[in-house]
Structure formats: structure tokens, C-alpha cells
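These are the residues of each chain, in order.
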Amino acid sequence: MIVYRGRVFSVEVDKARLPNGREHEMEIVRHPPSVVLLPMKDDDHVILIRQYRHTIGREIWELPAGSVDAGESAEAAAARECEEELALAPGRVQRIAGLYPTPGYCDEEMIYFRVSDLHPPAPASPHKPDDEEDIVVQAFTIVEAKALATRGEIVDLKTAYGLTLI
């Protein structure tokens, strides 16, 4: 039974039967798949974004990411998010991995993509930044980006892990 439906996710309460036969009530966050980009300016540089995250009350450096829209392929979502968040179109979109960050209560799959051969989007591209986003885009050497994570300046788990994939 759905107990909450929001713009990004819904919450349902379900009766779960475990492999051992026991049943219990479980809350599940239903979230569409998302894409996480590893935007490579070149072989030695990754692009990160800095944006305010109200949930933790601060700006953070992170890899660009976003939800896959209904009826959209993950590859198309990766290309779209690249244009929306970086104002760059990828010439190459390569799927790296799909992971479930919080399978204890959420069904969201995060799909990592390496996007490269970046160039300005076509002038008529419909993909523009979302109104609620205020994003700063910056390229870092891979060494610099990983050092941000090591020093604790990257606090976003999807980003900290994503940098290990480069």
C-alpha cells in the first residue's frame, strides 16, 4: 500500500515473507533508477559539480547524477543529465556498473556511466539546467578529485565510490 507519493519517490508499506517463512511489515522507498556520471574532460581530468544540498544544509562537490525518466533508457538519461548539469554533450557514453546503494529500504539502482568526448550541445538542444539547481562546474585532475575524497571534502558516497571507478 502506498502511504506517500512525492515528486521524486514514493513510500509503500508491504507485508514481506522472508525465506525462513516469517512475515513482517516493511517500509520501502520506491525510486526510479538513476544515473551517475563520470565525466572525463580527458584521460587525466574528471568534472565535478558543486551544489547546495538542502537535506544536509551545505554545498558539496559531487559527480553529476539524476533520475531516469519513465520510458527513457539509462544511456539516454546519462546523455541528458550531462547536458543539463554540465552544459556539455557526450560523444561517448559507456556503462560501468549498476549498484543498489541502500537495498535495506530503497529499490533505487544507481547506474554509473563514463561520459567522454565532451563538446558543446547542439544549439537547439532541449536539455537545460533544472530551475531548482544552482550548479558550479569544475574539472579536477583525477589525483586532485581523489584527494578531495581522502581529505573528507567529498561527503557524497556515490561520488566517493565513483572516483574509485576511474
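Refer to the structure above for everything that follows.
Okay, so let's go over this structure. A quick note: this is a predicted structure, and the numbers were derived from the prediction, not measured.

## With respect to the environment of A70
Line of reasoning, step 1. Checked against the element boundaries, A70 lands in the loop between β7 (65-67) and α1 (74-86).
Line of reasoning, step 2. Along the chain, A70 and T159 lie 89 residues apart, while their C-alpha atoms are 24 Å from each other.

## Re helix α3 (residues 157-164)
Line of reasoning, step 1. All buried positions along α3 are accounted for by K158, T159, G162 and L163. Seen along its axis, α3 keeps its buried residues to an arc of 130°; they face one direction. The exposed residues of α3 that point more than 90 degrees off its buried face are L157 and T164.

## Some details on the pattern of salt bridges
Line of reasoning, step 1. Counted under the stated rule, the structure contains 13 salt bridges.
Line of reasoning, step 2. The partner of D107 in a salt bridge is R30, with the nearest N and O atoms 3.1 Å apart. In this pair, D107 sits in the loop between β8 (92-99) and β9 (110-116) while R30 sits in strand β3 (residues 23-30), placing the two residues 77 residues apart along the sequence.
Line of reasoning, step 3. Judged by relative accessible area, D107 falls into the partly exposed class, the value being 30%.
Line of reasoning, step 4. Classification of R30 by relative accessible area gives partly exposed; the value is 30%.
Line of reasoning, step 5. A salt bridge links R50 to E59; the shortest N-O distance between them is 3.3 Å.
Line of reasoning, step 6. Residue R50 is classed as partly exposed on the basis of its relative accessible area of 26%.
Line of reasoning, step 7. Relative accessible area serves as the criterion here: at 39%, E59 is assigned to the partly exposed category.

## Some thoughts on the side chain of T159
Line of reasoning, step 1. By secondary structure assignment, the location of T159 is in helix α3.
Line of reasoning, step 2. Side-chain polar atoms of T159 contact the backbone nitrogen of L63, separated by 2.8 Å.
Line of reasoning, step 3. In this structure the side chain of T159 is engaged in a polar contact, spanning 2.5 Å, whose partner is the side chain of D156.
Line of reasoning, step 4. If near-sequence neighbours (up to four positions away) are discounted, T159 is found in contact with L48, W61, E62, L63 and I154.

## A word on the pairing of strand β5 (residues 45-53)
Walk down a regular strand and you will see the side chains alternate between the two sheet faces.
Line of reasoning, step 1. By the bridge criterion, two bridges tie strand β4 (residues 34-42) to β5 in an arrangement that is antiparallel. Bridged to M40 within β5 is V46.
Line of reasoning, step 2. Hairpin remark: β4 followed by β5, antiparallel, with two residues in the connecting loop.
Line of reasoning, step 3. Of the strand pairs in this sheet, β5 and strand β10 (residues 136-141) are connected by six bridges, and their pairing is antiparallel. Residue pairing in the sheet places L48 in a bridge with Q138 of β10.
Line of reasoning, step 4. Where β5 folds back onto strand β6 (residues 58-62) in an antiparallel hairpin, the turn is made up of four residues, including G57, whose phi is positive at roughly 70°.

Thresholds applied
- Residues numbered from 1 in each chain as written.
- Predicted model: local features only at pLDDT ≥ 70, side-chain atom pairs only at ≥ 80, totals over all residues.
- Heavy atoms only, no water.
- Helix = DSSP H or I, 4+ residues; strand = E, 2+ residues; numbered from the N terminus.
- Buried < 20%, exposed > 50% of the residue type's maximum accessible area, 1.4 Å probe, protein only.
- Arc of directions from axis to C-beta.
- Salt bridge = Lys/Arg side-chain N within 4 Å of Asp/Glu carboxyl O.
- Polar contact = N/O pair within 3.5 Å; in protein donor to acceptor, adjacent residues only side chain to side chain.
- Contact = heavy atoms within 4.5 Å.
- Pairing = 2+ DSSP bridges.

Any functional reading would require information that these geometric values do not contain.
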